[in-house]
Amino acid sequence: MALTLNQVIPNTELVSDNYFNNRTLSNKVFDIPQIDNFDLDVNTLQSAIQRLREMAEYGLTTVAAADQATTNLQKAEMHFIYAYAHLLSGELFVGLPGTAKGPVLSPAEHFAKALTELDQAIALQSNATEKLIYTLFKARVYYNLGDAQQARTFATAAMANPLLLKQQAFDGQNGAANTFQTYIFSSTTNEFAPLPRLDFLDPKYYHTGTIALDQKPISYIKAEEAYLILAEIQASANDLPGSKTTLKNLLTEVIAKRPIISISDANETRNGGNRNDYPLTAARVKFDETDAERSGYVLNRKAGNVTVYQVSGTKVTPTDIDAAATQDALLYTIYRMRQEIFFAEGRRMTDLGIKFPVSQTEQLNNPNVKGAHLSAQIPTFIPLNRGMDDFINNAAAGVVTMKYDMNKVLVSNKTAKEIFPFIN
């Protein structure tokens, strides 16, 4: 799981408008976004997900069968991991085989397999908290399927524990360090730079002691998602008051209770690579050229410690939520919150409607791979030429302006088949 997330997080964050590759040995074209099936990173990501699936299946069909001491809890966790591999296959790729060299399954087929595995995991699991985690995971699968009724049912059930959280640990001493922590904090030479309007959320992963011993976990299931799913279902059905209540409950019942810490990030440079104009002081931010100036988004890291949101953070306030007077305004608020809350967790690319193609290596070894599987899904409304990451920094005025407010772009294209599962 750790090694799989080490592929999922950096690659998907680069494709999205969250982070820009400003000076690293990681992918140089995902920022465009340019996603080719012959790209080494596409194959490495696919291999990681399929290896996870194969290991879970091997554990269930071979190890558990041979070892009578295997417990139901262990089997439940393997079914869950099996489901997670299928979920990633469906969320991140236009299609992937579900077995070694097997037919290429559509995202919907992978989601169906994930549900089957989750039902088995729930039946075997006796821990109440883990059952709720699997329940929330089912809500995420139904969200991807656009099934509002089922997504609502399982999201509401998961809200029984407002601080529900499942994280993946890393081990810097034994070859499983948090790669994204290295990119955004621990390394002195690598630079993943967040879009300036998301600067306040970086770094989500950091070290304060010995690097190898201080590898921060990645949250990949958390209660915030249940509230966001329910709020989007309500907004999509034009229940604006209900959606607003759900979002305000999310702020007070969940995010306000998540841990924060104050750390020194004085070594952060942001610059010195592909572009050298990232703001480093407390510049004001405009989400696009029509937006009003906003303060508090870009932090002056040389002036002292900065606040780090270890699980979730957002600048959205109850006032912002109340001000959303239309369905479009509320959907905009929801997707802005999704972006901020799931920041650095590999979720934004899916919200943008982008998917990877099947890799060339798979194509060369699997006759089931056809032409339709070899092209990435990049919706026509996605700006190219690194437009999603672009901004203008007027240093003299102390204002940095994003070229695109991608949440505004998403809402303007809400009927596109790749996005907004409950609108289509």
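Shown above is the structure to which this text applies.
Keep in mind the model is a prediction, meaning the values are calculated, not measured.

### Description of the overall build of the chain
For the chain, the helix and strand inventory stands at 14 helices and 11 strands. Computed over C-alpha atoms, the radius of gyration of the chain comes to 21 Å, within 12% of the 22 Å expected from 2.2 N^0.38 for 424 residues, which places it in the range of a compact globule. Relative to its full complement of 424 residues, the chain shows a buried share of 57%. A fraction of 75% describes how many contacts in the chain between residues 6 or more apart in sequence connect residues 24 or more apart. A total accessible area of about 16400 Å² is found for the chain, and carbon and sulfur atoms account for 52% of it.

### Regarding the nonpolar core
Across soluble globular proteins, nonpolar side chains show a tendency to be buried alongside one another. Core analysis: the largest hydrophobic core is formed by 124 residues, its most contacted members being Phe80, Tyr84, Phe180 and Phe356. Counting residues per element, this core draws most heavily on helix α3 (residues 72-92), which supplies 11 residues. Once you skip the residues sitting within four places of it in the chain, phenylalanine 356 turns out to touch Asn11, Thr12, Val15, Phe30, Ile35, Val42, Leu45, Leu92, Phe93, Val94, Met349 and Ala376.

### Quick word on the packing of aromatic side chains
Taken as a whole and assessed by the stated rule, the structure comprises 22 aromatic pairs. Ring centres of phenylalanine 180 and phenylalanine 192 lie 5.5 Å apart, and the angle between their planes is 80°; this geometry places the pair in the edge-to-face category. Separated by 12 residues along the polypeptide, phenylalanine 180 in helix α7 (residues 179-186) and phenylalanine 192 in strand β5 (residues 191-194) bring together distant segments of the chain. According to the relative accessible area criterion, phenylalanine 180 is buried, its value standing at 1%. Ring pairs connect the aromatic residues Tyr19, Phe180, Tyr183, Phe192, Tyr205 and Phe343, which therefore count as one cluster. Positioned over the ring face of phenylalanine 287 is arginine 197, at 5.2 Å from the centre of the ring. A cation over a ring is seen here: arginine 347 above phenylalanine 342, with NZ or CZ 4.5 Å from the ring centre.

### Looking at the pairing of strand β6 (residues 218-222)
For β6, the buried fraction is high: five of the five residues fall into the buried class. Bridge analysis of strand β4 (residues 165-168) against β6 gives four bridges, and the strand direction is antiparallel. If you follow glutamine 167 over to β6, its bridge partner there is serine 219.

### Some thoughts on unusual backbone geometry
Backbone torsion omega between isoleucine 32 and proline 33 reads -5°, so that peptide bond is classified as cis. Within the fold, proline 33 resides in the loop between β1 (19-23) and α2 (40-66). In this chain, aspartate 202 is followed by proline 203 through a cis amide linkage whose omega measures 5°. Topologically, proline 203 is positioned in the loop between β5 and β6.

Cut-offs used in this document
- Residues numbered from 1 in each chain as written.
- Predicted model: local features only at pLDDT ≥ 70, side-chain atom pairs only at ≥ 80, totals over all residues.
- Heavy atoms only, no water.
- Helix = DSSP H or I, 4+ residues; strand = E, 2+ residues; numbered from the N terminus.
- Rg over C-alpha atoms; globule rule 2.2 N^0.38 Å.
- Buried < 20%, exposed > 50% of the residue type's maximum accessible area, 1.4 Å probe, protein only.
- Contact = heavy atoms within 4.5 Å.
- Areas by Shrake-Rupley, 256 points an atom, 1.4 Å probe, with all protein chains shown as cover.
- Core = buried A, V, L, I, M, F, W, Y, C linked by side-chain atoms within 4.5 Å.
- Phe/Tyr/Trp six-rings, centres within 6.5 Å; stacked < 30°, edge-to-face > 60°.
- Lys NZ or Arg CZ within 6 Å of the ring centre and 35° of its normal.
- Pairing = 2+ DSSP bridges.

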